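# Architecture at a glance
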Amino acid sequence: MPQELSTVVLIRTMHPALEGVVRLAASAAERVDRIIAVEQDGLSGVLGTTPTPIVIVDVHDDPTLSEVRSIRALKTDPLVVLLIDAGWSGSALGAMRLGVRAFVRVPDALRTLPGVIDRVALGELAVPVDIERSAVRELGRSVHQARAVSEVAPAITPRERQVLELLADGCTLRQIGRRLGISSRTVESHVGKLYRKLTVRSRIQAITRGSALGLIELG
Amino acid sequence: MTHPEGLGAGMAETSMTERAEDLGKPGRRRWGVIVVEPLGVVRAGIGLLVEQEPDLEVLAAVGDADDALAAITRSRRTRVIDLIGLDLQGERDAAWLIREIRHRHPTHAILAMGSNADPTAISRALFVGADGFVDKEVDREAFIASIRQVRERETVLVGPPPVAIGMIAEKIERRRDLDAQLTAREREVLTVAAEGLTAKQIAERLGVRERTITTHLGRIYGKLGVGGRIAAVQVAARSGLVDSRPRD
């Protein structure tokens, strides 16, 4: 792969001015052979016929990474470089898990993009220190959540989980009893045990904690 | 594997324990560091490195989990950073020790150390209670900086390439999902099953009837959507529930 030159693929969703900057920067990279711009729906065709493409995606106003997800869904696994801005609120960890190889801040793009493209072409990652930090912080949060799930979830019975779901749907104790074919006294006892296991004191806390632990999904 | 057990081990421990007593006085704002590392020379080296820092002091440098717990109990300190080598093997391995410290000494900061550790080993250490991981191959400034960072109870990952972060996150998620699916007992059965024991042997180990174990196993296979024992153990290994490294 190192000896082969890469094709840079731009997706035509960015502002024309930004596209100009990116083109200019990409042409300054050493390991780039050609630069092409495609519409989002033309991407799969290009990726299918281009060896080692580097796709540059502008996500500075898209914290959901939906575009990256759709590229990932094409199953061709191109090398993806994200253009972000200073206050980008997306998930760095999420992006890295989607196989993103590099992050470039829009204001610095002209200066840093050529070097980043060359590194990515060589199979390296180019993740700014602060982005890496924020990914590690996210990782820390997911570790804490996983530990909590692992401590709490196995203790919760399937019945208690059903009760929790119905609580989240806004059912009264009596309605829950009717749904599950048990007395509201029994429902009350389930709720008591559930609160104790979740270490909460109210329905709203139980729902919040239950969803944080992934026991229920809030629609 | 043969470790030069005597080298550094006894020496480092006596001198550092003496100093620990001497520094146990109130008023000191330094953080204590306990080094747990099976390789004597590496252990001694880490001890020396840490000792040079004005805000850190080595309370003990030991080679196994039992000595580590003894040293922690002896130190009677709350502001302690435990540096734990993931190469710690055997029944009381690094994961066991980390879990134990996390339970008994919640105020401690725990930093796992490894060299070229794979994402599964790192995710396992984090999951059982480590606050971070540092690769022993980073330079000394980065190593010391990682200790200071973990002291603030920040999640630390120093050394592994950025690509490892995503992989570790994925392992953690798998482990979470596995634990969310299985009951505590099923988790226990699966862990023992991974050692390659027969249902009968598992039953003996856990003090229940063989039938109970086969029922548990059947339920585990159903929940994990697998056809049998090997596939179930593979799922457990991929998520870091069990250690997939060969034992020596």
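Everything in this summary refers to the structure shown in the same document. (Residues numbered from 1 in each chain as written. Chains lettered and ligands numbered in written order. Predicted model: local features only at pLDDT ≥ 70, side-chain atom pairs only at ≥ 80, totals over all residues. Heavy atoms only, no water.)

## Topic: the overall build of chain B
Keep this limit in mind: Secondary structure elements are taken from DSSP: a helix is a run of H or I of four residues or more, a strand is a run of E of two residues or more, and numbering for both begins at the N terminus. The buried label applies to any residue whose accessible area, calculated with a 1.4 Å probe on protein chains only, is under 20% of its type's maximum; exposed applies above 50%, and partly exposed to all values in between. Contacts are residue-level and defined by heavy atoms, with any inter-residue pair within 4.5 Å sufficient. Each accessible area is a Shrake-Rupley result for a 1.4 Å probe, and residues are judged covered by the shown protein chains and nothing else.
If you tally the helices and strands in chain B, you get 11 helices and 6 strands. A buried classification covers 51% of the 248 residues belonging to chain B. In chain B, the proportion of contacts linking residues at least 24 apart, taken out of those at least 6 apart, comes to 67%. When the accessible surface of chain B is summed, it comes to about 11700 Å², and 52% of that surface belongs to carbon and sulfur atoms.

## Here's the deal with the interface of chain B and chain A
The test is simple: Accessible area that two parts lose when put together, with a 1.4 Å probe and added across both, is what the buried area reports. Here, a salt bridge means any side-chain nitrogen of Lys or Arg that lies within 4 Å of a carboxyl oxygen of Asp or Glu. Think of a polar contact as two N or O atoms within 3.5 Å of one another; within protein, one of them needs to be a possible hydrogen donor and the other a possible acceptor, and neighboring residues in sequence only count if both atoms come from side chains. Residues are grouped as follows: Ala, Val, Leu, Ile, Met, Phe, Trp, Tyr, Cys and Pro are nonpolar; Asp, Glu, Lys and Arg are charged; all remaining types, including Gly, are polar.
Counting residues at the interface gives 25 residues for chain B and 21 residues for chain A. In total, about 2000 Å² of surface goes out of reach between chain B and chain A, with carbon and sulfur atoms giving 64% of it. Among the salt bridges present, the one from Glu 173 of chain B reaches Arg 97 of chain A, with a minimum N-O distance of 2.9 Å. Counting across the interface, chain B meets chain A through 7 residue pairs in polar contact (both at pLDDT 80 or more). Where the side of chain B that touches chain A is concerned, the elements lending two or more residues are α5 (119–128), β6 (156–158), α7 (162–181) and α8 (184–193) of chain B. Ranked by residues supplied to the side of chain B that touches chain A, first place goes to α7 of chain B with 12 residues. A per-class count over the side of chain B that touches chain A returns 15 nonpolar, 5 polar and 5 charged.

## Considering empty space enclosed by the protein
Unoccupied space between atoms shows up once a probe the size of one water molecule is rolled over them. This is how it is decided: In this analysis, the protein atoms alone were mapped onto a 1 Å grid. Cavities are point sets where a 1.4 Å probe fits without being able to get out; pockets are open sets with protein on both sides within 12 Å along at least five of seven lines; lining residues have an atom within 4 Å of a point. Grid points are joined across faces, edges and corners, and a volume is the space filled by probe spheres set on the points.
According to the stated counting rule, one finds 1 cavity of 30 Å³ or more in the structure shown. Taken together, Gly 140, Val 143, His 144 and Arg 147 of chain A together with Leu 126, Ala 130, Asp 131, Arg 153, Glu 154 and Thr 155 of chain B form the lining of the largest cavity. For the lining of the largest cavity, the class distribution of residues is 3 nonpolar, 3 polar and 4 charged.

## A look at the nonpolar core
Worth spelling out the cut-off: What is meant by a nonpolar core is a set of buried Ala, Val, Leu, Ile, Met, Phe, Trp, Tyr and Cys residues, joined one to another through side-chain atoms within 4.5 Å.
Within the largest apolar cluster, 66 residues are counted, with the highest numbers of intra-cluster contacts made by Leu 82, Phe 103 and Leu 139 of chain A together with Leu 97 and Ile 98 of chain B. Beyond its immediate stretch of four places on either side in the chain, Leu 139 of chain A contacts Leu 93 of chain A together with Leu 126, Leu 157, Ile 165, Ile 168, Ala 169 and Ile 172 of chain B. One finds Met 14, Ala 26, Val 81 and Ala 109 of chain A within the second-largest nonpolar core, a separate group that totals 24 residues.

## Quick notes on the sheet that holds strand β4 (residues 109–114) of chain B
All names here are of chain B. Counted only if it meets this: Strand pairing requires that DSSP identify at least two bridges connecting the strands. Interaxial angle, 0 to 180 degrees, is taken between N-to-C directions of lines fitted to C-alpha atoms, where a helix line uses only the stretch in contact.
Within the open sheet, the 6 strands sit side by side as β2-β1-β3-β4-β5-β6. Their pairing is parallel. The open sheet is flanked by β2 (56–62) and β6, the only strands paired with a single partner. Strand-to-strand, the axes of this sheet are offset by a mean angle of 20 degrees, without reference to chain direction. For strand β1 (residues 31–36) and β2, the ladder comprises 6 bridges, and the chain directions are parallel. Across the sheet, Val 36 pairs through a bridge with Val 62, a residue of β2. Against the sheet, helix α6 (residues 140–151) engages β1, β2, β3 (80–85), β4, β5 (132–135) and β6, with an angle of about 150 degrees to β4.

## A short note on the packing of helix α4 (residues 94–104) of chain B against α5 of chain B
All names here are of chain B. For clarity, the threshold we go by: Here is the rule for angles: anything less than 35 degrees is roughly parallel, anything more than 145 is roughly antiparallel, 65 through 115 is roughly perpendicular, and the remaining ranges are oblique. Two helices crossing with the near one rotated counterclockwise from the far one by less than a right angle form a left-handed crossing, whereas a clockwise rotation gives a right-handed crossing.
Direction vectors running N to C along α4 and α5 enclose 20 degrees, while the axes themselves pass 8 Å from each other. Comparing their axes, α5 and α4 come out roughly parallel. In the crossing of α4 with α5, the sense of the turn from one axis to the other is right-handed. For the pair formed by α4 and α5, the contact residues are Ala 95, Ile 98, Arg 99 and Arg 102 on the first element and Arg 124, Ala 125 and Val 128 on the second.

## Description of the side chain of Arg 102 of chain B
With respect to the secondary-structure elements, Arg 102 of chain B resides in helix α4. In this structure, Arg 102 of chain B is in contact with His 108, Ile 110, Val 128, Gly 129, Asp 131 and Arg 153 of chain B, ignoring residues within four places of it in sequence.

## Looking at the environment of Lys 197 of chain A
All names here are of chain A. With respect to the helices, strands and loops of the structure, Lys 197 is situated in helix α9 (residues 184–198). When its relative accessible area of 29% is taken as the criterion, Lys 197 is described as partly exposed. Counting along the chain gives 42 residues from Lys 197 to Ala 155, while the straight-line C-alpha distance between them is 7.4 Å. Not counting chain neighbours up to four residues away, the residues in contact with Lys 197 comprise Val 152, Ala 155, Ile 156, Thr 157 and Glu 160. Reaching out from Lys 197, the side chain makes a polar contact with the backbone oxygen of Ala 155 at a distance of 2.7 Å.

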